[in-house]
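Structure at a glance
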Amino acid sequence: MAEYLLRFDDFCPTMNHEKWTKLADLLDHYSIKPIVAVVPDNQDSSLRVAPEDPSFWNRMNRLQANGYVIALHGYQHVCNVRGHSMVPLHRLTEFAGASELEQRYKIESGIHILQSHGLTPQIWVAPRHGFDHTTIKVLGQLGITTISDGFARYPFRLDGALWVPQQLWDVREMAEGVWTVCCHPNTLAERSFDHLRAFLQAHHSQFTTVEEVRQRWSNRRRSLGDRIFDSFWRKRIVVRDLLYRVRQQNLAWAAGA
Ligand SMILES: [Zn+2]
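This one's a predicted model, so the numbers in the text were calculated from it and none came from an experiment. (Residues numbered from 1 in each chain as written. Predicted model: local features only at pLDDT ≥ 70, side-chain atom pairs only at ≥ 80, totals over all residues.)

Details of unusual backbone geometry
The phi torsion of most residues other than glycine is negative, and most of the peptide bonds are trans. With a phi angle near 65°, His77 is a residue other than glycine that sits in the positive phi range. Relative to the helices and strands, His77 resides in the loop between β3 (69-72) and β4 (81-82). C-beta crowding within 10 Å serves as the criterion here: with 22 such atoms nearby, His77 is assigned to the buried category. (Helix = DSSP H or I, 4+ residues; strand = E, 2+ residues; numbered from the N terminus. Buried ≥ 20, exposed ≤ 12 C-beta atoms within 10 Å, placed from the backbone.)

As structure tokens, then:
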């Protein structure tokens, strides 16, 4: 039977607190322990969607105490580096292609900021999936050896890190595998929230935790099947993205007509 993990991205003091509070109540109801990806020093204006919450870091501490897994979500979430990511979905990212010196500075600063607020990041979530071998090397040297990214059916070990694949952006019934679903509380539509609620009601017992995943999959090597899945899944994402854009364009034309 499929197992699921939930991951919520773009946590920072100016996130949409209202939407998150609603989500957190739902997760607590089913005792789900998700990954929350925190931006240490947000400088991305697109993540300033609400007034700064002075209690943000205390709230993050409460989530951590409640068993949520804190992820290091880059440093400032400013994506202006051009390079080749190991999960190549975007051209400009915060890390892929940057020098080791720059990456070390960003990662070290990010970890220090989170630690200064009482948080211990356990896992890496790259803004826009952008990271390379250097990122993984530096993360490992600074104590982060789990990555939430990549496409495969099951977690695998590569470059000295445990990759917990993140393949989905909305919940849906899947066959065998460990599936991480990435949600963005800032932009979560009411319809998607209702869908998530219905899915949790039916499948909450299939939700696992990062700790369980680590215990079960830490020694699994990346297989040929994983590489085939990766190539297939990436093409699928490109096609879906294209279809989505065409649909949005058609809607825009229909609205303008
Ligand atoms: Zn992000």
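Thoughts on helix α4 (residues 133-141)
Every buried residue belonging to α4 is among Thr135, Ile136, Val138 and Leu139, and all of these are buried. The arc that holds the buried residues of α4, viewed along the axis, is 165°, so those residues lie on one side. Where α4 terminates, the next one or two residues include Gly143, which has phi positive at roughly 95°. (Arc of directions from axis to C-beta.)

Concerning the environment of Gln167
Relative to the helices and strands, Gln167 resides in the loop between β9 (161-164) and β10 (178-183). Take Gln167: there are 21 C-beta atoms within 10 Å of it, and that puts it in the buried class. Through-space distance from the C-alpha of Gln167 to that of Asp53 is 31 Å; in sequence the pair is 114 residues apart. Once you skip the residues sitting within four places of it in the chain, Gln167 turns out to touch Phe151, Trp179, Thr180 and Trp233. (Contact = placed C-beta atoms within 7 Å.)

Side note on the pairing of β9
A two-sided burial pattern is seen for β9, the buried positions comprising Ala161 and Trp163 on one face and Leu162 and Val164 on the other. As paired elements, strand β7 (residues 146-148) and β9 share 3 bridges and run parallel to each other. By the bridge assignment for β9, Thr146 is matched with Leu162. Of the strand pairs in this sheet, strand β8 (residues 156-158) and β9 are connected by 3 bridges, and their pairing is antiparallel. Looking at the pairing, Arg157 lines up with Leu162 of β9. (Pairing = 2+ DSSP bridges.)

Side note on the environment of Thr14
If you trace the backbone, Thr14 turns up in the loop between β1 (3-11) and α1 (17-29). Distance from Thr14 to Phe56, taken between C-alpha atoms, is 8.6 Å for residues 42 residues apart in sequence. Thr14 has contacts with Asn42, Leu47, Arg48, Val49, Ala50 and Glu52, leaving out every residue within four places of it along the chain.

Considerations on the domain arrangement of the chain
When its domains are assigned, the chain resolves into domain 1 (3-221) and domain 2 (223-257). Centre-to-centre separation of domain 1 and domain 2, based on C-alpha positions: 22 Å. Residues of the side of domain 1 that touches domain 2, tallied by class, amount to 4 nonpolar, 2 polar and 2 charged. (Domains from an automatic or database assignment. Nonpolar A, V, L, I, M, F, W, Y, C, P; charged D, E, K, R; others polar.)

Looking at the packing of helix α3 (residues 100-116) against α4
For the pair α3 and α4, the least separation of the axes is 10 Å and the interaxial angle reads 45°. One finds that α3 runs oblique with respect to α4. In this structure, α3 meets α4 at a crossing whose hand is right-handed. Across the interface between the two elements, Glu100, Gln103, Arg104 and Ile107 from α3 touch Thr134, Thr135, Val138 and Leu139 from α4. Residues that form the contact of α3 with α4 fall into these classes: 3 nonpolar, 3 polar and 2 charged. (Axes fitted to C-alpha atoms, helices over the stretch in contact; angles between N-to-C directions. Parallel < 35°, antiparallel > 145°, perpendicular 65-115°, else oblique. Left-handed = near helix turned anticlockwise from the far one by under 90°.)

Focus: the environment of Asn42
Here Asn42 lies in the loop between β2 (35-38) and α2 (56-65). In this structure Asn42 comes out as buried when scored by C-beta crowding, with 23 C-beta atoms within 10 Å. Apart from residues lying up to four places away in sequence, Asn42 is in contact with Cys12, Thr14, Leu47, Gln76 and His77.

Notes on the pairing of β1
The buried count for β1 comes to 8 of 9 residues, which makes it a mostly enclosed element. Across 6 bridges, the pairing between β1 and β10 is parallel. Each bridged residue has a counterpart across the sheet, and for Arg7 the counterpart in β10 is Cys182. Note that β1 and β2 share 3 bridges and pair parallel. Residue pairing in the sheet places Phe8 in a bridge with Val36 of β2. As for the winding sense of the linkage, the β-α-β connection from β1 through α1 to β2 is right-handed. (Right-handed = clockwise from strand over helix to strand, strands pointing away.)

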